[in-house]
Each structure stands twice: as structure tokens, then as C-alpha cells.
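Below, each chain spelled out in residue letters.
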Amino acid sequence: MKNLTRAEAAGFFLSHDNFTILTHRRPDGDTLGSAAALCLGLRQLGKQAWVLNPTEALDGLGWLLADITKDFADNGDTIVAVDVAAPNMLPRDFEPLAVKCRLRIDHHGSCTPFAKEELVDADSASCAEIICDILTILGVQLDEDMADAIYTGVATDTGCFRYANTNAHAFLVASVCAQAGADVSGLNLELFESHSLAKLRLHAWIAENVKIFGDGELALVAIPKAVEEQLGVTDAELGNLSSYARSIQGVCLAATLRQGKYGETKISIRAVPGWDAAAVCEKFGGGGHPGAGGATTRLSLEETAKLLEEYMLEA
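This write-up is about the structure you can find in this document. (Residues numbered from 1 in each chain as written. Predicted model: local features only at pLDDT ≥ 70, side-chain atom pairs only at ≥ 80, totals over all residues. Heavy atoms only, no water.)

What follows concerns the overall build of the chain. In terms of regular secondary structure, the chain is built from 11 helices and 12 strands. Sorting the 315 residues of the chain into buried and exposed places 53% on the buried side. Summed over all atoms, the accessible surface of the chain reaches about 13500 Å², with 50% contributed by carbon and sulfur. Counting 25 positive and 43 negative side-chain charges, the chain places the averaged centre of each group 5 Å from the other. (Helix = DSSP H or I, 4+ residues; strand = E, 2+ residues; numbered from the N terminus. Buried < 20%, exposed > 50% of the residue type's maximum accessible area, 1.4 Å probe, protein only. Areas by Shrake-Rupley, 256 points an atom, 1.4 Å probe, with all protein chains shown as cover. Lys, Arg positive; Asp, Glu negative; His and termini not counted. Charge placed at Lys NZ, Arg CZ, Asp CG, Glu CD.)

Of all the six residues making up strand β5 (residues 101-106), five are buried; the element is thus mostly covered by neighbouring parts of the structure. When β5 meets strand β6 (residues 117-120), the two strands line up parallel, connected through four bridges. What sits directly across from I105, in β6, is L119. (Pairing = 2+ DSSP bridges.)

Another aspect to go through is the packing of helix α3 (residues 127-137) against helix α5 (residues 168-179). In contact at an axis separation of 10 Å, α3 and α5 are set at 60° when each is read in the N-to-C sense. One way to sum up the angle between α3 and α5 is to call them oblique. Here α3 runs over α5; the crossing is left-handed. For the pair α3 and α5, the contacting residues are E129, C132 and D133 in the first and H169, A170, V173 and V176 in the second. A class-by-class count of the residues in the contact of α3 with α5 yields four nonpolar, one polar and two charged. (Axes fitted to C-alpha atoms, helices over the stretch in contact; angles between N-to-C directions. Parallel < 35°, antiparallel > 145°, perpendicular 65-115°, else oblique. Left-handed = near helix turned anticlockwise from the far one by under 90°. Contact = heavy atoms within 4.5 Å. Nonpolar A, V, L, I, M, F, W, Y, C, P; charged D, E, K, R; others polar.)

All we've got here are geometric facts, nothing functional implied.
In C-alpha cells, the structure reads:
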């Protein structure tokens, strides 16, 4: 399968219309920011474009999709996925649309292609950067809403420019956003420095229950649904939780497990340079990139934790 260039992707958007844009499950700032910016940019060009309304909580990030969502894809829509590494990373209600996807834009080197055409750039720190480049080629003039959306995506996937994937292009795109009016300080405050009391209590629970092994280089924490409910933390507040165990001094590879509402177990892994989070996630049918990966399994929380510990020791 040919990997499109940004110019070829721009040509795709010029030659099609009636776009429905898909995001991944447990939507974060990159998938939502990419979808919002793409939708708004296409509308500026006179195209019909909508983001398919995510079925999961968007607390704190719902503003990105204000007035640009619809609840279902119509027959004949041009379906595009952004920041989706594999079909099983789509929300459960979106999965049947994977076979109808015309274009997938992504930055995960470890992925499962599923669209008729693909643009995957593993050197990009975020999908939002790729979207920004495409919009520039299309001649779109970024307004404040698009700039906020793209900055949110870049900042989210670079950990506010702290992660090892941060490169010159990420800074360049952030600069373009700032010049276009992005509320950089306000977004940074909301994304990285504002936490509910419930989330801080969950951090305390993790500190008490995380398992450190592999000579102190590995960490694993399995969070029962009952603990989340007891502390009152919401799904949307858990978006950046995966990095918490990795922040423990000496830990190089950290896994966070949570229980989903359908009985599945969700795996999120973070790693420092030299370790590969995606390689571990691939063993569960997931993927990602070396610094961050994810997967979902039908195994129980306990079964997943036991198996994951073995895989991490082999990493």
C-alpha cells in the first residue's frame, strides 16, 4: 500500500467532499485537535465536513468539537480517520466504518493499516502537525479555533514539549499556532496544570499500589473500576494518567491498566528513549510508537497484569 505524501493528501481533500472524520477511542487532545482543525479547515475551503460525535466522555476537551459533530455517517460520505493506529482503536460504535475509511492520517509507526489510502509519518510527534502541514498546502488560513486545536494536539502528544519525540517540526507548528492566535498559556494551564481532587487522590492510590520490578526499571499498576468509582474520577480525567507511573525515578517502562465498561482491559504503556512501548502493546494486538503505546484485551485485569509483567521483563 502506497503511503501518501502531504501534497497527495491535500489533493485527495480537494477532489472529494462530504467528509466524516473519525477519532480514536478514549479520545485525547491529538485525535480531537486533529479532527477539529481538519474539519474547520475543510469548511473554510467550502467543503462539507463533520466530526463523528465520539461516544466517550470529553470532559475538558469537548470545546474542540463545538458545533462540528454529527451522530452518524451518511451513505456516500468520505470517511477519514485521524490519529487512529488500528481498527480496534476506533470506538466500538465506529468499528464498522473501518472498512469504509477512504484515508487514514496518523503518526504511529506501529500500526495496522485499514483505509484505502494512508498517510503515516512516524517522524511527526503528533498527528496534528501533519494536519497543519496539509492545511498549509491547501492554502487554509489558520484562525484562532484551528490554531487552538492544532496546538492542543501537538502539546498533548509531546507532553508540553517534554517527551523524547519532541523535534524542531513540533516547535515550528506550535509557533505557527501562536502566530495565528492560539491561547498557548491558557491551553497549557488547562491541559497540564489543572487537576481535580479526585484525580490527585487516584495519583496517591497509584503511588501506594504500583508494582516496581525489573531492577527498578519497570512499573505496572492495575486500577480496578471500583477504585475509580470510589474516588469519583471520570474517564476523561484519566487521559494523561499513563505517564504518572513512568515519572517514578528510575522507571524506564511503565504500564497502566484499567477496566472498560464492556468488561475489557485497557493497556497504556509509556517508555523512555531506548525502550519500546509499542512492541509490548503489539503482543495484545495494539500498537503506537516507542515512547507510547496502547492496546485493549478481553482478558481480565488480573490476567492481563500477569501476562504483561512477563512481556515487560522480556522487553
